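Chain residues, written in single-letter form:
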Amino acid sequence: MASKSLYSPRDPVLKKRDDFEDILEERRNSSDLRYALRCYTPALYKGLVPCKASMLKNIVLQSDSLQYVISQVSAECGESQEAVQEEASLLLEEMAHRLQLGTIRFFAFTLSKAFKVLFRSVCVNEEGIQRLQQAIQEHPVVLLPSHRSYMDFLMMSYILYTYDLALPVIAAGMDFMSMKFVGEMLRMSGAFFIRRSFGGDKLYWAVFSEYVKTMLRNGYAPIEFFLEGTRSRTGKSLTPKTGLLNIVMEPFFKGEVFDVNLVPVSISYERILEEALYARELLGVPKPKESTSGLLKARRILSEDYGSMHVYFGQPVSVRSLAQGHINRSQYNLVPRHIPQKPAADTQSFVNDTAYRLVRLQEESMVLKPWVLVAMLLLQNPDGMDLSTLTEQADWLRRLALTFGAFLDWPGKLSFSRKIFMFFFFCLFIYVLLSKPKTGLSTNEMAFNQAVSVLSCASYRNQILHLFVRPALLAVALQTANSNRRDEVYNCFNFLWNVFSNEFILCPGAAVQDFEEACFLLGKCGAIQELQQDIVTCQSGQTTLAFLCSVLDPFLQGYQNKTTMFNLIKHIPININIRETDLETEVVSSFFPEL
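Cut-offs used in this document
- Residues numbered from 1 in each chain as written.
- Predicted model: local features only at pLDDT ≥ 70, side-chain atom pairs only at ≥ 80, totals over all residues.
- Heavy atoms only, no water.
- UniProt positions renumbered as here; feature names shortened; annotations may be inferred.
- Helix = DSSP H or I, 4+ residues; strand = E, 2+ residues; numbered from the N terminus.
- Buried < 20%, exposed > 50% of the residue type's maximum accessible area, 1.4 Å probe, protein only.
- Polar contact = N/O pair within 3.5 Å; in protein donor to acceptor, adjacent residues only side chain to side chain.
- Axes fitted to C-alpha atoms, helices over the stretch in contact; angles between N-to-C directions.
- Parallel < 35°, antiparallel > 145°, perpendicular 65-115°, else oblique.
- Left-handed = near helix turned anticlockwise from the far one by under 90°.
- Contact = heavy atoms within 4.5 Å.
- Pairing = 2+ DSSP bridges.

As recorded in an unreviewed UniProt entry, the protein chain goes by the name Glyceronephosphate O-acyltransferase, listed as coming from Astyanax mexicanus. The Subcellular location (unreviewed entry) field of the UniProt record for the protein chain holds the comment "Membrane". Word for word, the UniProt comment on the protein chain under Sequence similarities (unreviewed entry) is "Belongs to the GPAT/DAPAT family."

Structure representation (C-alpha cells):
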C-alpha cells in the first residue's frame, strides 16, 4: 500500500481531496435497532483473531520487559518481587479496557438517536475509509484524530462500527473513570485509562507502555489517541505531545513489527458542543469536573442544532518510510529488546518532527464553514460593517482562502449575498446566545459576558488561522524589515516564526520551507514579486498584505503584553512559552480592561 509522503513543498490548491458521504442519511430512513444489532464482521490485522482482554493482561504481566522493571523496582524499594508484581497487576486492572460487543451495540443505538438530533449531517470521506480498511489488514494502525470536543472519540468509534471496521482501543484520561456507570461503559467500549502525569513512577510507565505495545504488536485493534493531548479551547491546534507516539513507534524501531501506519483524522464541526464552556474556561472559570450527573444535566444540548460535521480520514503514513534515512535502527540491536532504553537524541527529534507534521496534515484537511470567514471579518471590524461591505469582503476573502488551498464547505444553492446574510445572522445568533444579557448586571459581569462572546467568535476565526499564518508572518516581516532584500526579509520572518512557534503548528526546522511556501502563496495572489535578491510588494496586493498583518495583530498584542516593545523591535531572541489560555486572556483583557 502506497503511503503518503509526510511533507513536501507543494501548491496547496492542487491537493486532491476525497468526496464526502452523509452517514446519517441512511440512519434517518432505517431502524436504529436493526443497525445496532446487525452482523458485525470487521476485517482484522493479518486475519488474526484478537485475544480476549484477560489473556492480553496475562501477556503484559508475563512479558520480559515488565518483569525486568519489576525486578529493578523490587531491588530499589526493598520489596519482594511478588508484592511489586501484585502492584503492577492492580495498575493494569485500573487502566485496561474490557471491550465488549454488547456495549458497542448499546452505544451504536443510543448515539444514532443522539446524533440525528444534534447534527444535520455527519459527512465522511469513504475513500479514506477504504484506505483505512486496507491498512488495518496489512500493519498495526494508529488513529490520530484532531481534538476539539468530547464528541470526537465517540464519533470515531461510531463511524468505524458503521463501516464494519475494527473498533479502536482509545487512550482516555482518568477523569472519565470517576464517572459512575459511564466510566465502566466507556471501558467496555474500548477506552483504556491513563493518568495525566506519570511523574517518576517507573512501574506505572512500564505497565502502561508494555500494555500499549502489546496491543500494537499483536494487532489487537487500531490504537487511538489525541496528539494534542487535550481538547483545544480556542479552535487552534495545540502543540503535540509525543509520549504515546514514542511508545507506538518503538516496536518498529526494535524490529518487533515490520511497519506501523499512522492515520491522521481531521474532525470539523459547524458548532462545537462545548463552545460557551470553553470561552468561560479561557477567562478563568474552573473546568467542571466530569461526572455522570453533569452528563445528565447536559442533555439540554439535544434541543439545539449543531449543524454539520465532517470527518476526513487521511492517507496512512508509514513509519518505515518516514524513518528511512533518518533513524539508524541497528543501535537497538546493541541492547536486549526487553531492557528499557531512553530514546536517543536523533530518535526523539524524529518523533517530535513527525508529531508536528501529522498535526499539520490534520489542519490541511479541516473542512471550513463560511462562518469562519464572517467571524474573521467581524472581529477585524469591531465597530461594525454594513451588509453590502460584509458581502463584498467575504467574497474577496473566500477567493483568497481558496487560492491558499482552503477546504471550504460553501453551500451552492443560494445567491452569494443571501448566504452572507445568513452567515451574519448565524454569528449574531452565537453572540446573543452566549452573551445572554440580563438586567441588573454589574459592569464587570457585563464585560465578562461580552468577553465570552468575543472569545467564542474568535474560536470560529481561529479555525482558519493555519491557512493564513505563514503568509501573515511574511506580510509582517515585509512591513518591519529594513529593506526589500530577501535575506533581510527572511531574518524578520525567522524571528517571528520562532516567537510564534508555541502558538501555531510550525514544524521544527521548517522555517525555510515555510518561508518559501509563504512567498509562493503571496506571489500567486499577486501581493509580492520575487526578484533574484529582493522581494517587492505589489500595489495591487496592498489590501491582501494589510489583511494578513491584521490577522496576526491580536497575537502580537498578546505577546507584547508578555514581553517589551524593546525586545520585539530590536529582535532580541527571548525564551517565550505562553500557554494558549494565557495569550487569549491577554488579548481579551486588552479589549476589556474592566476584567
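Trainee: Can you help me understand the side chain of Glu228 in this one?
Mentor: Tracing the chain through its elements places Glu228 in the loop between β6 (223-224) and α11 (243-253). Here Glu228 falls in the buried class, since its relative accessible area comes to 1%. Side-chain polar atoms of Glu228 contact the backbone nitrogen of His147, separated by 3.0 Å. For Glu228, the side chain forms a polar contact with the main-chain nitrogen of Leu238, separated by 2.9 Å.

Trainee: Just checking my understanding: could you explain the packing of helix α16 (residues 370-380) against helix α17 (residues 387-403) for this structure?
Mentor: Between two packed helices, both the angle of their axes relative to each other and the distance between the axes serve to describe the pair. Taken N-terminus to C-terminus, the directions of α16 and α17 make an angle of 120 degrees; their axes are 10 Å apart at the nearest point. Of the possible angle classes, the one that applies to α16 and α17 is oblique. Here α16 runs over α17; the crossing is right-handed. Contact residues: α16 offers Leu373, Val374, Met376, Leu377 and Leu378, while α17 offers Leu390, Gln393, Ala394, Leu397 and Arg398.

Trainee: Whenever I open this one, the pairing of strand β7 (residues 261-269) confuses me. Can you help?
Mentor: Each regular strand shows side chains that alternate between the opposite faces of the sheet. Of all 9 residues in β7, 9 are buried; the element is thus mostly enclosed. The two faces of β7 match: Asn261, Val263, Val265, Ile267 and Tyr269 on one face and Leu262, Pro264, Ser266 and Ser268 on the other face are all buried. Where strand β3 (residues 141-145) and β7 come together, 5 bridges link them in parallel fashion. Bridge pairing in β7 links Leu143 to Val263.

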